[in-house]
Structures are given as structure tokens and as C-alpha cells.
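The primary structure of each chain is shown beneath.
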Amino acid sequence: MSATDRPVVLRNGLVLTMDDAHTVLSGADVLVIGDRIAEVGVGLTAPDDAVEIDATGGIVMPGMVDTHRHMWQTAMRGYGADWTLTQYFIWYYLESGKLFRPEDVYAGNLLAAIEAVDAGVTTTVDWSHGLQTPDHADAAVDALEAVPGRFVLAYGNIQQGPWQWATSPEFRDFHRRRVDGGKLAGFQLAFDVTGDPAFPERAAFEVARELGVAVTTHAGVWGATNDDGIRLMHEHGFMTPSTVYVHASTLTHDSYNRIAATGGSVSVSTESEQSAGQGYPPTWQLRHHDIPVSLSMDTSVWWSGDLFSAMRATLGADRSREHLEAHAKQETVTHCHLRAEQVVEWATRGGARALGMDSAIGAVTPGRQADIVLIKNDASPVMFPILNPHGHVAFQAQRGDVHTVLVGGRIVKQDGRLVDVDLAAARAKVAATVSHLRETMGEQAWQRGMNPDIPETDLLENPYQYTEWDAGSAQWKH
Ligand SMILES: [Zn+2]
């Protein structure tokens, strides 16, 4: 995958290896040869033709992994900033999702993929549930293959039941053409389990089993999916260690027990759960059940594809909940359970494990793929002192501090600039999609979709509200 075939050495960085011991090395080098990490240590000897990158003052860490992102929706960036899940479902599932043509899926995916590598997210699961036709699916993959990141296609189609699309000859044909021997980093089936006692989703699970691929599913989403879906999956033997449960925030202990016992993992999208209403971000529950966690950003129709914000929001939500539960019992939390080091682990190794790629990515250790992020910004007052490296990544650094990114040994961003990426072309394609949607919907529907009504706020009785300040006498009037 190396563009230059030259070795690369990052010199004198603070290296967060994210190996099993979470070893941190200061003043250390990382040597990359071909697509892999060759050596990590102090004062390494590099081949004469190596590209030297000065990591002094910076943090070197593994490329981050986002396990759930509806990349096609990036063409609508920020449109749904004030939505709840209700508006999202109406807009995409019922009214306007079907307006997306293959070129619109391409445009969204292209921008999302560029955004991911720019932010140091070297592996992203494209939870692609807008694949209405094989042409849409081809367009999705074309875009992912045009950007030098690692992408797992999670194939879905909200316009049909999974028992329809997953069993179609067109889907089989697509899988044969684009997945077997293609450039994708992986392939999953993406669909939700409604809880219908007839369990029509069985046919799609059987396809996943036959193809030997994982299923990723929005589970425990308030008002949409619940314990019935988990129970049906479990009773029919379709919960496996490779299953990824997205959100898993409105579930009972019984469902968490079934997830834990079958070895699956949860993709937590904290910013999404907080704003959209799937349920409280579940990390505080998951730790009691010892369920593995990865992080995700869900959709840029609200948020960006930035895992720094995922780490930050996840720490905040977990600690918020812990304090709130304690205060309700008149107790004080003196020691937080969730640590910054843990969310950095979730953003790297957690994602790698969830995708069954832990031996290949997720850590800066010899032999692994060279997916590496250098966080360095000499012009920023926030880059020193670096006293608590994991805390610095989670709470201090941000996407603008991503200086250099390697994917499989290839430099895809250097000195804060993307390498060999045509951002202008992506911008033009996204602009064409926005024009298409806006014109097809009409201006009124476009504006209405973006600006949901604000419910009235009930003003509480206030016994003090009839006093007012009299400036003349400088006294309160009664
Ligand atoms: Zn989602």
C-alpha cells in the first residue's frame, strides 16, 4: 500500500503504543518498512532512504477505528443538528432517503472517507444502509476505494427488509464482484432486528453465516429496537463474538448478559445517544457486564467523523451518570471508574477487536500494519506540557492537531495537509448532491426538514418573580 515504497521513520515522539501493557515511550522512534511497523524504540537506525518525520513535542499513537458511521449521510453534513431520532427516521427512512442516487452515495462516502483519514481515523466501518440498488453499492465502494484509508463496508438497505435484499441474486453478485479479492478492509451485513416474533431477519443472518461475515445491528434503540430483538437473535443462535451491537443503550440486564455470554461487542456513539435519544450512553452498564466496547460517530448529519470528540463525550457521559447516580443516594464519587486511558483503548484496540482485526491494527507494535497518527502542533499552546499522555489525547488534543497520518505505511497526511487527495473534486460532487436534494424536495420542505418545531417550555411558578428593581430608589419593589 506504500505510495513511495520508501521506509518512514517518526523521530523523538511520545509513543502511546497501546500494546497490551499500554506502554508509553518518550523520545522514541517508530520505523515503518513497507506496510508494517518494523521497530519501535529509542535511537533507531533507519535505512538511508527513509522519510524522516520529526515527532518532537508530539504524540505518536495508533490510527483510530470508528466501528459505525453512515458515511453516505456526510453529504448532508450538519443539516440535522437539531434533530431527534424521530426527525432522522422521517427524513431518511420515510421521506427523502430514497432521493439519493448512486452518485449521491458516492459523494457522501468520498467526503466522509477523506474526513476520516484527515482526523486520524484510519479504519472506518461504513454502515451503509442507503444501498437501494447494486449501483448504489458499487458507488459506495468506488468512493471508499478512491481514498487511502481502511474501510469496512457494512452493507444495508433501509428501503427493504434484510430478508429481501440479503437473499437477492444482485447482492450475491455484488459480493462476488466487489468483496472477494477487492480492496475493502472487511465486509459486514448491516440491519436491525425489529422484534417481530416471526423473526423474518433469520434469512439475512443465514446469509451472513454462509458468507462468514459479521452482522452489525442497531440494538437497544429507544422506540425502535429492544430486548425482543436480542432475545430472538440469541434463541436462534445468531449472536456470535463478531456481532457488533450499535448503541445498546435501552436494554435490560438480561440482554447485556446475552451479549456478554456470546462474546459480542458494543459500538458506543455517545454524541449520538445523547442528542438523538437512543438511550443513555451505556458504558456505565457495559463495564458491569464486562462487554467489550468500541467507539463510533454514527452520522455527520449531526456530528463530524472525529473520534477525539467521541472519547471526550464518552468520558463525560460516563462520569456524569456516575455522579448523578451517587448524588441520588446522597453519596459522593471520590474515584471515577472510567479513565482517559480506557477511552483511548476503545478508540484504537477496542475497534480493532470488534472488527476481528486486532492482530493487524490498533497498536504501534512491530509486525502490525503501519496505521499511525502523529498529534503535533507546535503553534498550539495546548500541546504542552504533556503530563498525562492518554488524558492529553482524550481531553486536550483535537482533530486540527493531527499532523501526520500513515495507513499501511503510506503517508496520507503530512504537516497537517492531506497527501494525494483531491478535496476540490469531493466538494464539487457534494455540492451537486446538495443541489439535487434541495431542488427535488423544494425549498420549503428543505427548510422544514432542517428546522424542527421547538416545543413550548413550561415556565415554573416562581414566588419571587413579582419583585423588580427600582433604579430610582435603588431598592426592590414589591
Ligand atoms: Zn447508526
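This text follows the structure it describes.
Now for a description of the structure that goes with this document. The model shown is predicted, which means the values in this text are computed figures rather than measured ones.

### Points about the coordination of the zinc ion
- Bound to the zinc ion are the protein donor atoms His68 (NE2), His70 (NE2), His218 (NE2) and Asp298 (OD), situated 2.1 to 2.6 Å from the metal.
- Taken together, the four donor atoms coordinating the zinc ion span angles of 80 to 173 degrees at the metal, a pattern that classifies the geometry as irregular.
- We note that the donor set of the zinc ion lies within a single chain, spaced as H-x1-H-x147-H-x79-D. With His70 in the loop between strand S6 (64–69) and helix H1 (85–96) and Asp298 in the loop between strand S13 (293–295) and helix H11 (307–328), this pair connects stretches of sequence that are 228 residues apart. For the pair His70 and Asp298, a shared accessibility class is recorded, and that class is buried.

### Digging into the pairing of strand S11 (residues 244–247)
- Note that strand S10 (residues 214–219) and S11 share four bridges and pair parallel. The residue bridging Ala219 from the neighbouring strand is His247, located in S11.
- You can see the chain leave S10, run along helix H7 (residues 227–235) and come back into S11, and the turn it takes is right-handed.
- For S11 and strand S12 (residues 265–268), the ladder comprises three bridges, and the chain directions are parallel. The residue bridging Tyr245 from the neighbouring strand is Val266, located in S12.

### Considerations on the side chain of Arg349
- When you line up the elements, Arg349 lands in helix H12 (residues 340–354).
- On the basis of relative accessibility, which here comes to 4%, the residue Arg349 falls in the buried class.
- In terms of polar contacts, Arg349 uses its side chain to reach the backbone carbonyl oxygen of Met18, at 2.8 Å.

### Looking at H1
- All of the buried residues in H1 are Leu85, Tyr88, Trp91, Tyr92 and Ser96. The buried side chains of H1 occupy one side of the element, clustering within an arc of 140 degrees when seen end-on. Turned more than 90 degrees away from the buried face of H1, the exposed residues are Thr86, Leu94 and Glu95.
- Buried residues along H1 sit in contact with helix H9 (270–276), helix H14 (423–441) and helix H15 (443–450).

### Brief notes about the pairing of strand S8 (residues 150–155)
- For S8, the tally of buried residues reaches six of six residues, placing the bulk of the element in the interior.
- Of the two faces of S8, the one holding Arg150, Val152 and Ala154 and the one holding Phe151, Leu153 and Tyr155 are both buried throughout.
- By the bridge criterion, six bridges tie strand S7 (residues 121–128) to S8 in an arrangement that is parallel. Paired with Trp127 across the strands is Ala154, a residue of S8.
- A crossover links S7 with its parallel partner S8, the connecting element being helix H3 (residues 134–145), and its sense is right-handed.

### A look at the nonpolar core
- Grouped together as the largest cluster of nonpolar side chains are 100 residues, with contacts concentrated most on Tyr92, Leu189 and Met311.
- Those residues within four positions of Leu189 in sequence are excluded, and the remaining contacts are Tyr155, Trp165, Ala166, Phe171, Ala204, Val207, Ala208, Val213, Ala214, Val215 and Thr216.
- Counting 17 residues, the second-largest nonpolar core is a separate cluster that includes Val30, Val32, Val60 and Leu374.

### A closer look at the pattern of salt bridges
- Applying the stated criterion across every chain, the model contains 31 salt bridges.
- Where Glu52 meets Arg11, a salt bridge forms, and the shortest distance between an N and an O atom there is 3.0 Å. One end of the pair, Glu52, is in strand S4 (residues 51–54); the other, Arg11, is in strand S1 (residues 8–16), and 41 residues separate them in sequence.
- Assessed through its relative accessible area of 48%, Glu52 is described here as partly exposed.

### Here we look at the layout of surface pockets
- By volume, the largest pocket amounts to about 450 Å³.
- Lining the largest pocket are 30 residues, with Phe89, Tyr93, Ile158, Asp192 and His218 positioned closest to its centre.
- Elements with a contribution of two residues or more to the lining of the largest pocket: H1 and helix H4 (162–165).
- Of all the elements, H1 adds the most residues to the lining of the largest pocket, at four residues.

### Some thoughts on empty space enclosed by the protein
- Within the structure shown, the criterion is met by one cavity of 30 Å³ or more.
- As for the largest cavity, its lining consists of Val193, Thr217, His218, Ala219, Gly220, Thr225, Asn226, Gly229, Ile230 and Met233.
- When residues of the lining of the largest cavity are traced back to their parent elements, those giving at least two are S10 and H7.

### A look at the packing of helix H2 (residues 102–118) against H14
- For the pair H2 and H14, the least separation of the axes is 9 Å and the interaxial angle reads 140 degrees. On the basis of the axis angle, H2 is oblique to H14. Where H2 crosses over H14, the handedness of that crossing is left-handed. When H2 is examined against H14, the residues Glu103, Asp104, Tyr106, Ala107, Leu110, Leu111 and Ile114 are found in contact with a partner set consisting of Leu423, Ala426, Lys429, Val430, Thr433 and His436.
- Looking at the contact of H2 with H14 residue by residue, the class counts come to eight nonpolar, two polar and three charged.

### Notes on the side chain of Arg178
- Summarising the element assignment, Arg178 is placed in helix H5 (residues 169–179).
- Within the structure, Arg178 has its side chain in polar contact with the side chain of Asp138 (distance 2.9 Å).
- Side chain to side chain, Arg178 and Asp142 meet in a polar contact 2.8 Å long.
- Sequence-distant contacts of Arg178, that is, excluding residues within four places in its chain, are made with Asp138, Val141, Asp142, Glu145 and Leu184.

So, how was this worked out
Residues numbered from 1 in each chain as written. Predicted model: local features only at pLDDT ≥ 70, side-chain atom pairs only at ≥ 80, totals over all residues. Heavy atoms only, no water. Donors = N, O, S within 2.8 Å, 3.2 Å for Na, K, Ca; no water. Tetrahedral: all angles 85-135°; square planar, octahedral: opposite > 155°, others 65-115°. Helix = DSSP H or I, 4+ residues; strand = E, 2+ residues; numbered from the N terminus. Buried < 20%, exposed > 50% of the residue type's maximum accessible area, 1.4 Å probe, protein only. Pairing = 2+ DSSP bridges. Right-handed = clockwise from strand over helix to strand, strands pointing away. Polar contact = N/O pair within 3.5 Å; in protein donor to acceptor, adjacent residues only side chain to side chain. Arc of directions from axis to C-beta. Contact = heavy atoms within 4.5 Å. Core = buried A, V, L, I, M, F, W, Y, C linked by side-chain atoms within 4.5 Å. Salt bridge = Lys/Arg side-chain N within 4 Å of Asp/Glu carboxyl O. 1 Å grid on protein atoms, 1.4 Å probe; cavity = no way out; pocket = protein on both sides within 12 Å on 5 of 7 lines; lining within 4 Å. Points joined across faces, edges and corners; volume = space filled by probe spheres on them. Axes fitted to C-alpha atoms, helices over the stretch in contact; angles between N-to-C directions. Parallel < 35°, antiparallel > 145°, perpendicular 65-115°, else oblique. Left-handed = near helix turned anticlockwise from the far one by under 90°. Nonpolar A, V, L, I, M, F, W, Y, C, P; charged D, E, K, R; others polar.

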